[in-house]
Amino acid sequence: MSAIKTIKAIGSTWETDDPFLFCAYHEDMYPKGNSKLGPNVSLEGRNLGQDFMLKDGWRMYHGRIVPGFPAHPHRGFETVTIVHKGLVDHSDSLGAAGRFGNGDVQWMTAGKGVQHSEMFPLLHQQKENPFLLFQIWLNLPRTKKMVAPHFKMLWSEDIPKITFLDKNQKTTEVTLIAGKLEDQVAIPPAPNSWASDPKNEVAIWTIKMDPEATYTFPSASEGSNRSIYFFKGTEINIEESKIPVHHQITVHAHKECTIKNGNTEAHFVLLQGKPINEAVVKQGPFVMNSKIEIREAIHEYQQTEFGGWPWPTHDHVHDASKSRFALYPDGTEINKKK
């Protein structure tokens, strides 16, 4: 039996399987920044507040001055935000904040409810500000839907990276955001995550392959879901299938799967995990198990705003002089080098 289950094209939002909800893929070639950390070009002709057209190679999204997503609520799931290039300014209703990017990952458990903003500051005024981000929505089981919100930083310099050499001395580098590979184990995820129990076999990996490199993914347990998202490169071969870039390959996790890369460097995201196998009801930023729970979430947000918004603006960005940092709700602050 083939290791491949399905092959399908992908766009800016990727379909995922239980325990994941979806993955958003944002790549923007932002221009030089201005003194307000926004684009140093005219915004004429853009639908500000709802700018999702890839005009001139970039988007403002819901931002009007700085690109990004001003304050919005979540309940009932987790966001795993992987920033390959560029920076994200995080602020939330718990009073927590951060600036992270260039390989950093933020793992946020929305739980019973949190507001946060995710803005993309353009710090470089003398050169362009390329940006590449994945945001993965990972579901929470019924017993964890209403846990206290939590956020955790996985700093780039701490995230395990494993390099494999094939028989032709071509390299494949695997970055472990969640899960384990050979004798390497990822940084522990947020404590109430489905990924926190190793028996659930949750894996979130990013993979980079040299031109013409070959790599074999090890098998996982039967019943786990596994998808590989081919987002940069030209073409790969799996078994007898030639697969062009911008495709999702869903495979049987319990079978080994070998990728032979084409003639350019290739990049992938792998998502894997045992399913939660519970009803999923989604409405906008809320993911619960029933329509009644969705209505309760909406009502509670209307009444409480999940604790309100402690920042001066809903599109809050941090001072341009700040390097990467994380400010936690208890007041603890961790500062990293640029």
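Note: the structure precedes this text.
For every chain, the first residue of its written sequence is number 1, and the numbers climb from 1 along that sequence. Whole-chain, interface and lining totals are the exception, using all residues; otherwise, since this is a predicted model, local features are given only for residues with pLDDT of at least 70 and side-chain atom pairs are given and counted only at 80 or more. Think of the side-chain values as coming from all heavy atoms in the structure, minus any hydrogens and water.

S.K.: Help me understand unusual backbone geometry, please; the structure alone is not making it clear to me.
M.R.: For the bond running from D18 to P19, omega is 20°, close enough to zero to count as cis. You can see P19 is positioned in the loop between β2 (13-14) and β3 (20-30). Of note, the phi angle at L37 is positive, near 70°, even though the residue is not glycine. Strands here mean DSSP runs of E at least two residues long; helices mean DSSP runs of H or I at least four residues long; both are numbered from the N terminus. Counting through the fold element by element, L37 comes out in the loop between β3 and β4 (68-74). Classification of residues uses two cut-offs on accessible area relative to the type maximum, computed with a 1.4 Å probe and protein chains only: under 20% is buried, over 50% is exposed, and between them is partly exposed. Look at L37 and you get buried, because its relative accessible area is 5%. Phi angles above zero are rare outside glycine, and H246 is one such case at about 65°. Structurally, the position occupied by H246 is in the loop between β20 (241-244) and β21 (247-252). Classification of H246 by relative accessible area gives partly exposed; the value is 39%.

S.K.: What's the story with the environment of E201 in this structure? I'm lost.
M.R.: Counting through the fold element by element, E201 comes out in the loop between β15 (184-185) and β16 (203-209). The spatial distance from the C-alpha of E201 to the C-alpha of T214 is 24 Å, given a sequence separation of 13 residues. Contacts of E201, omitting those with residues within four sequence positions, involve A220, S221, S224, Q272, G273 and K274. In this description, contact between two residues means that some pair of their heavy atoms is separated by no more than 4.5 Å.

S.K.: Looking at this structure, I do not really get the pattern of salt bridges. What am I missing?
M.R.: Between side chains of opposite charge, pairing is possible as soon as their charged atoms come close. Throughout this description, the term salt bridge denotes a Lys or Arg side-chain nitrogen within 4 Å of a carboxyl oxygen of Asp or Glu. According to the stated counting rule, one finds twelve salt bridges in the structure shown. Note that K274 and E201 form a salt bridge whose closest N and O atoms lie 3.7 Å from each other. Here E201 lies in the loop between β15 and β16 and K274 lies in the loop between β23 (266-273) and β24 (281-283), a separation of 73 residues in the sequence. Classification of K274 as partly exposed rests on a relative accessible area of 27%.

S.K.: What's the story with the sheet that holds strand β8 (residues 105-109) in this structure? I'm lost.
M.R.: Hydrogen bonding along the main chain pairs the strands of a sheet, whether they run parallel or antiparallel. As summarised here, the arrangement of the six strands in space is β2-β3-β10-β5-β8-β11, forming an open sheet in which the pairing is antiparallel. One side of each edge strand has no neighbouring strand; the edge strands of this open sheet are β2 and β11 (150-154). As paired elements, strand β5 (residues 77-85) and strand β10 (residues 129-139) share eight bridges and run antiparallel to each other. Its bridge partner being in β10, F77 is matched across the sheet by N139. Pairing between strands requires that DSSP locate at least two bridges from one strand to the other.

S.K.: For this particular structure, what's the right way to read the nonpolar core?
M.R.: Soluble globular proteins tend to bury their nonpolar side chains together. Nonpolar cores are built from buried Ala, Val, Leu, Ile, Met, Phe, Trp, Tyr and Cys residues. Side-chain atoms within 4.5 Å join them into one set. Membership of the largest hydrophobic core comes to 28 residues, with the highest contact counts inside it found for W205 and F268. Apart from the residues within four sequence positions on either side, F268 is in contact with W205, T206, I207, M209, I228, Y229, F230, F231, I236 and I259.

S.K.: Hey, could you run me through the side chain of R324 in this one?
M.R.: The topology assignment puts R324 in the loop between α1 (291-304) and β26 (325-327). Judged by its relative accessible area of 10%, R324 is buried. Polar contact is the term for a pair of N or O atoms within 3.5 Å; when the atoms are in protein, one must be able to donate a hydrogen and the other to accept it, and sequence-neighboring residues count only if both atoms are side-chain atoms. Within the local environment of R324, its side chain forms a polar contact with the backbone oxygen of K337, the two atoms lying 3.1 Å apart.

S.K.: Explain the side chain of S93 here, please?
M.R.: For S93, the location among the structural elements is in the loop between β6 (87-92) and β7 (97-101). Within the local environment of S93, its side chain forms a polar contact with the backbone oxygen of F306, the two atoms lying 3.3 Å apart. When near neighbours in sequence (up to four residues on either side) are disregarded, S93 contacts V114, Q115, F306, G307, G308, W309 and P310.

S.K.: I would appreciate a short explanation of the sheet that holds strand β13 (residues 171-178) in the present structure.
M.R.: Ordered in space as β1-β21-β18-β23-β16-β13-β12, the seven strands form an open sheet in which the pairing is antiparallel. Both outer strands of the open sheet, β1 (4-9) and β12 (161-165), are each paired with one neighbouring strand and no more. Mean inter-strand twist for the sheet, computed between neighbouring axes without regard to direction, equals 20°. Of the pairings in the sheet, the one linking β12 to β13 comprises five bridges and is antiparallel in character. Structural elements are reduced to axes, namely lines fitted to C-alpha atoms, with helices fitted over the stretch in contact, and the angle between N-to-C directions of any two is expressed from 0 to 180 degrees.

S.K.: What should I look at first to understand the pairing of β16 in this one?
M.R.: Both faces of the sheet carry side chains from a regular strand, because those side chains alternate between them. Among the seven residues that make up β16, six are buried, leaving the element largely enclosed by the rest of the structure. Note: β13 against β16, six bridges, orientation antiparallel. The residue bridging A178 from the neighbouring strand is I204, located in β16. The pairing of β16 with β23 spans seven bridges and is classified as antiparallel. By the bridge assignment for β23, I204 is matched with L271.

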